[in-house]
Amino acid sequence: MDKNYLIEKWLKSELTEAEQKAFEKLPDYELNQKIIEGAKQFKAPPFSTAEEYKHLKKHLTHKKKGFFNLSPYKIYRIAAILIIALSGYFFIQSKTIEIATPPGQKLSISLPDGSLVVLNSASSLKYNPILWRLKRSLEMEGEAFFKVQKGSRFDVHTQNGIVSVVGTQFDVKSRNQYFEVSCFEGVVKVVTKRKTEILTKGKSIQVIKDKVIVRHIEKTKPEWLEDQSSFKSVPLEEVIKELERQYDVKVTTEQVNTAQLYTGGFEHHNLEQAIKAIADPFGLKYTIKLSQKRVILSGR
Amino acid sequence: MLKNLCVEKIFAAVYEKYAKDLHDFLYYKYGNRDDLNDIVQESFIKLWNLCDKVLPEKARAFLFKIAKNNMLNRFKHEKVVLNYQKNIPNQINHETPEYLMEEEEFYKKYQRALSKLTDEQRVAFMLNKVEGKKHKEIAEMLNITQKVVEYRIYSAFKIIKEEIKNL
């Protein structure tokens with residue numbers, strides 16, 4: 001007879017006499033018995049029904065039709081509604097999308113309303129596609145170019161300020177103490193701690209540390225979209241940082257005044273040319289260590 | 001007059017009938033916890049508060065459901081641990097240290113095995129083999145068929161045996 005069959009019947013206490021004899025002859029017989037016996041050592045702690053009921057009685061009071069008459073069921077219903085509402089809220093919040101670019105890479109993103117965002121290197125953006133239909137609002141860090149579809153207000157939140165637009169093309173650069181917004185089409189409102197500025201087509205606002213400069217710009221879109229970086233009277237240290245982001249390298253300077261202002265640009269496809277474009281105007285010497293992803297600029 | 005849970009005598013009888021079973025069920029399902037008695041109490045309090053809305057025949061199902069929900073709110077996903085009596089009956093004092101150690105090992109493995117069972121397997125197995133409840137009773141308590149009860153007990157047994165045989 002099959003061992004498992006016997007065990008099954010034994011567990012059900014349905015063994016016939018013959019089956020019982022066969023069961024006792026199984027090699028595991030002693031172990032089988034021991035397991036059932038052993039279970040008893042794990043018995044639940046004693047429960048004294050009489051004692052416990054005495055305890056319980058103290059808590060049983062008859063429902064008084066009175067002042068605070070919320071029956072438990074009503075409370076459960078209210079709690080249930082709150083829980084569903086909160087779950088819905090958390091569920092929607094959890095659908096937030098966050099996108100980031102590493103150094104040396106750019107990325108184009110299409111938003112639910114058809115607006116376009118292009119992220120520059122080492123930048124990130126965060127938005128909630130579910131809430132997008134109600135409110136076009138996103139958070140951004142780094143640099144991005146926006147092409148906004150006509151519609152409701154479109155907000156870009158950065159650490160340095162908020163940029164609000166309606167149907168327009170603009171660039172927002174928010175890197176630590178460097179904040180720059182350029183408007184290429186339409187109207188852009190920029191709100192920073194220091195001031196609020198309305199930019200029309202061809203205008204840009206630059207806030208470096210606390211210095212605010214509003215300028216005219218000729219270009220119709222940012223250079224970095226075409227893999228070039230361009231600067232106008234920007235401190236050298238900011239230029240160097242952008243080089244680091246585009247090429248994913250670390251630049252160390254020796255005896256260089258990085259507060260000097262730089263006007264010019266570099267491309268994103270040739271590291272040596274890019275470094276020359278920065279170093280030459282200041283007469284700096286450079287050393288490139290590609291394997292270590294390091295560049296040294298020295299002023300000697 | 002209809003039999004009504006709001007009548008104390010009837011409520012007390014329901015308590016007498018189900019309190020221990022509910023307690024044991026919770027113990028075997030969720031393991032050793034300080035709040036088991038509290039949960040049993042709370043379940044009955046809730047039943048009392050709704051005594052005019054719950055029929056006596058539905059009381060058992062109600063109590064078990066309330067207790068499970070209550071537990072789910074408190075339950076941290078820890079392994080379920082049942083305790084065993086550490087004193088393997090002291091009448092046998094002349095056992096050798098080796099024997100005592102083997103027994104200890106056996107129970108340790110057993111405890112691990114019980115933790116590895118699903119709640120359902122463990123509850124069915126323990127209620128049947130330790131509390132002596134018939135398959136039919138267990139089926140009613142848990143609102144499942146007898147066949148399912150048999151299957152869970154069988155599975156539990158196999159798993160425990162497997163674990164004990166392993167080194």
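The sections below set out a description of the structure shown in this document. A quick note: this is a predicted structure, and the numbers were derived from the prediction, not measured.

## A look at the nonpolar core
Part 1: In this structure, Leu 22, Leu 26, Leu 47 and Ala 124 of chain B are the most contacted members of the largest nonpolar core, which totals 48 residues.
Part 2: Every residue in contact with Ala 124 of chain B, bar those within four places of it in the chain, is listed here: Ile 138, Val 149, Arg 152, Ile 153 and Ala 156 of chain B.
Part 3: One finds Val 117, Leu 125, Phe 145 and Leu 199 of chain A within the second-largest nonpolar core, a separate group that totals 27 residues.

## A short note on the interface of chain B and chain A
Part 1: Taken together, the 34 residues of chain B in the interface contact 23 residues of chain A.
Part 2: Put simply, the parts of the chain that give the side of chain B that touches chain A at least two residues each are α1 (8-30), α2 (36-49), α4 (97-116), α5 (119-129) and α7 (146-165) of chain B.
Part 3: For the side of chain B that touches chain A, the leading source of residues is α1 of chain B, giving nine residues.
Part 4: Of the residues that constitute the side of chain B that touches chain A, the class distribution is 22 nonpolar, five polar and seven charged.

## A short note on the sheet that holds strand β15 (residues 250-254) of chain A
Sheet strands pair by backbone hydrogen bonding; their relative direction is either parallel or antiparallel.
Residue and element names in this part refer to chain A.
Part 1: Spatially, the three strands line up as an open sheet ordered β15-β18-β17, and their pairing is mixed. Every interior strand has two partners, whereas the edge strands, β15 and β17 (285-289), have only one. Pairwise comparison of adjacent strand axes, ignoring direction, gives a mean angle of 15° for this sheet.
Part 2: Bridge count for β15 against strand β18 (residues 294-298) is five bridges, and the pairing is parallel. If you follow Thr 253 over to β18, its bridge partner there is Leu 297.
Part 3: Relative to the sheet, helix α7 (residues 271-282) contacts β17 and β18, its axis offset from that of β17 by approximately 155°.

## Some details on unusual backbone geometry
All names here are of chain A.
Part 1: We note that Ser 13 has phi near 60°; this positive angle belongs to a residue other than glycine.
Part 2: Within the fold, Ser 13 resides in the loop between α1 (3-11) and α2 (17-25).
Part 3: Owing to 9 C-beta atoms within 10 Å, Ser 13 belongs among the exposed residues under this scheme.
Part 4: One non-glycine residue, Ala 122, lies in the positive phi region at around 50°.
Part 5: Structurally, Ala 122 is set in the loop between β3 (116-119) and β4 (124-127).

Calculation rules
- Residues numbered from 1 in each chain as written.
- Chains lettered and ligands numbered in written order.
- Predicted model: local features only at pLDDT ≥ 70, side-chain atom pairs only at ≥ 80, totals over all residues.
- Core = buried A, V, L, I, M, F, W, Y, C linked by C-beta atoms within 7 Å.
- Buried ≥ 20, exposed ≤ 12 C-beta atoms within 10 Å, placed from the backbone.
- Contact = placed C-beta atoms within 7 Å.
- Helix = DSSP H or I, 4+ residues; strand = E, 2+ residues; numbered from the N terminus.
- Nonpolar A, V, L, I, M, F, W, Y, C, P; charged D, E, K, R; others polar.
- Pairing = 2+ DSSP bridges.
- Axes fitted to C-alpha atoms, helices over the stretch in contact; angles between N-to-C directions.

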